[in-house]
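Next come the chains, spelled out residue by residue.
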Amino acid sequence: MIEILSPTDVLRAKDTGALVAGILQSLKSRCVVGTNLLDIDRWAQAMITEAGAESCYVDYEPSFGRGPFGHYICTSVNDAVLHGLPYDYPLADGDLLSLDLAVSHCGVVADSAISFIVGDTRPPESLALIDATERALQAGIAAAGPGVPIGDLSHAIGSVLKAAGFSVNTEFGGHGVGSTMHQDPHVSNTGRPGRGYRLRPGLLLALEPWVMADTATLVTDADGWTLRSATGCRTAHTEHTIAITDDGADVLTLPTTP
């Protein structure tokens with residue numbers, strides 16, 4: 001289903017996006033060497049509850065996962081790239097951590113992900129992964145606007161990722177959001193311009209470039225949820241929810257400037 005939101009619902013989506021962005025930035029500031037992934041999940045739960053919002057993950061039970069997710073945030077470390085199920089793991093210096101959060105508030109969903117390095121060690125190859133996903137996301141956002149085919153966004157994202165030397169997996173990508181978390185249209189992280197659904201004002205999209213350092217093949221962890229690189233290489237994932245407007249695209253999950 002492709003859902004086009006009313007102007008009133010788009011305003012609600014802006015509030016949800018600000019909430020998601022704020023939670024992610026708060027969590028990032030608290031993630032230090034020794035922080036346990038289960039603590040991150042508990043902190044996310046507390047902030048979501050305090051805001052009167054609802055997690056999109058706790059009861060989520062899609063065909064690609066094993067039973068309900070059961071947690072409030074995805075925590076993917078190093079070779080884990082998507083759907084990282086929080087577990088008893090203390091973060092180490094130099095770990096590459098991706099946090100992915102989707103929240104429903106006042107009936108509208110926003111979805112965002114950030115990747116960053118924990119501690120003082122800054123592995124150059126990890127920074128390159130994060131940089132590629134962030135630049136690809138900006139390219140996808142810049143390509144978005146009313147009447148633009150989905151393929152233009154996919155092509156913009158994929159062109160940046162490939163130019164940075166990464167292979168692109170097409171099993172998972174961006175998607176529509178609205179009253180629920182995962183909707184049509186699918187937004188692949190690579191594609192051909194001029195193809196696909198043409199964007200309309202009121203459409204919300206979650207764009208989410210992600211890459212793995214030396215492979216395009218995923219494997220599913222024994223937990224039934226966490227997706228990891230087949231070679232054990234590091235990964236990164238960046239995501240924003242955008243609203244298509246009459247003039248282009250409005251990024252709803254940008255963190256506020258202190």
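As shown above, the structure is provided for reference.
Computed from a predicted structure; not experimentally measured.

1. Re the overall build of the chain
Scanning the chain from terminus to terminus reveals four helices and 14 strands. A globule of 258 residues ought to have a C-alpha radius of gyration of about 18 Å, and the chain, at 17 Å, matches this closely. Projected onto its principal axes, the C-alpha coordinates of the chain cover approximately 45 × 40 × 40 Å. Residues classed as buried in the chain amount to 55% of the 258 residues present. Sequence separation of 24 or more characterises 69% of the internal contacts of the chain that already satisfy a separation of 6 or more. Carbon together with sulfur atoms contributes 51% to the accessible area of the chain, which is approximately 10,500 Å² in total.

2. Section: the packing of helix α3 (residues 124-143) against helix α4 (residues 150-163)
In contact at an axis separation of 8 Å, α3 and α4 are set at 155° when each is read in the N-to-C sense. Looking at the two axes, α3 sits roughly antiparallel to α4. You can see that α3 and α4 cross each other, and the crossing is right-handed. Contacts from Ala-132, Thr-133, Arg-135, Ala-136, Ala-139, Gly-140 and Ala-143 of α3 reach α4 at Asp-152, Leu-153, Ala-156, Ile-157, Val-160 and Leu-161. Of the residues in the contact of α3 with α4, the class split is nine nonpolar, two polar and two charged.

3. Description of the packing of helix α1 (residues 7-30) against helix α2 (residues 37-50)
Interaxial distance between α1 and α2 falls to 10 Å at its minimum, and their mutual angle equals 145°. In terms of crossing hand, the pair formed by α1 and α2 is right-handed. Of α2, the residues touching α1 (which contributes Ile-23, Ser-26, Leu-27 and Arg-30) are Ile-40, Trp-43, Ala-44, Met-47 and Ile-48. Split into classes, the residues belonging to the contact of α1 with α2 amount to seven nonpolar, one polar and one charged.

4. Describing the side chain of His-83
Here His-83 is to be found in the loop between β3 (80-82) and β4 (96-105). Those residues in contact with His-83, other than ones at most four positions away along the chain, are Phe-64, Phe-69, Cys-74, Ser-76, Phe-172, Trp-225, Thr-226 and Leu-227.

5. Details of the environment of Gly-224
For Gly-224, the location among the structural elements is in the loop between β10 (218-220) and β11 (227-229). For the pair Gly-224 and Phe-64, spaced 160 residues apart in the sequence, the C-alpha separation amounts to 8.3 Å. When near neighbours in sequence (up to four residues on either side) are disregarded, Gly-224 contacts Phe-64, Gly-65 and Arg-66.

Cut-offs and rules
In this numbering scheme, every chain counts its residues from 1 along its sequence in written order. Selection of residues for local features in this predicted model requires a pLDDT of at least 70, selection of side-chain atom pairs for listing and counting requires 80 or more, and totals for whole chains, interfaces and linings are taken over all residues. With hydrogens and water stripped out, all remaining heavy atoms of the structure feed into the side-chain values. Labels follow the DSSP assignment, with helices taken as runs of H or I lasting at least four residues and strands as runs of E lasting at least two, numbered in each case from the N terminus. Radius of gyration here uses only the C-alpha atoms, and the compact-globule reference equals 2.2 Å multiplied by the residue count raised to the power 0.38. Exposure categories follow from relative accessible area, calculated using a 1.4 Å probe and restricted to protein chains: below 20% of the type maximum is buried, above 50% is exposed, and the middle band is partly exposed. We call two residues contacting when some pair of their heavy atoms lies within 4.5 Å. Only the protein chains shown count as cover for residues, and all accessible areas are computed by the Shrake-Rupley method using a 1.4 Å probe. What counts as an axis is a line fitted to C-alpha atoms, over the stretch in contact for a helix, and the angles between N-to-C directions run from 0 to 180 degrees. For classification, angles of less than 35 degrees are called roughly parallel, those exceeding 145 degrees roughly antiparallel, those between 65 and 115 degrees roughly perpendicular, and all remaining angles oblique. Helix crossings are classified by the rotation of the near helix relative to the far one: an anticlockwise turn of less than a right angle makes the crossing left-handed, while a clockwise turn makes it right-handed. Each residue gets one label: Ala, Val, Leu, Ile, Met, Phe, Trp, Tyr, Cys and Pro are nonpolar, Asp, Glu, Lys and Arg are charged, and the others, such as Gly, are polar.

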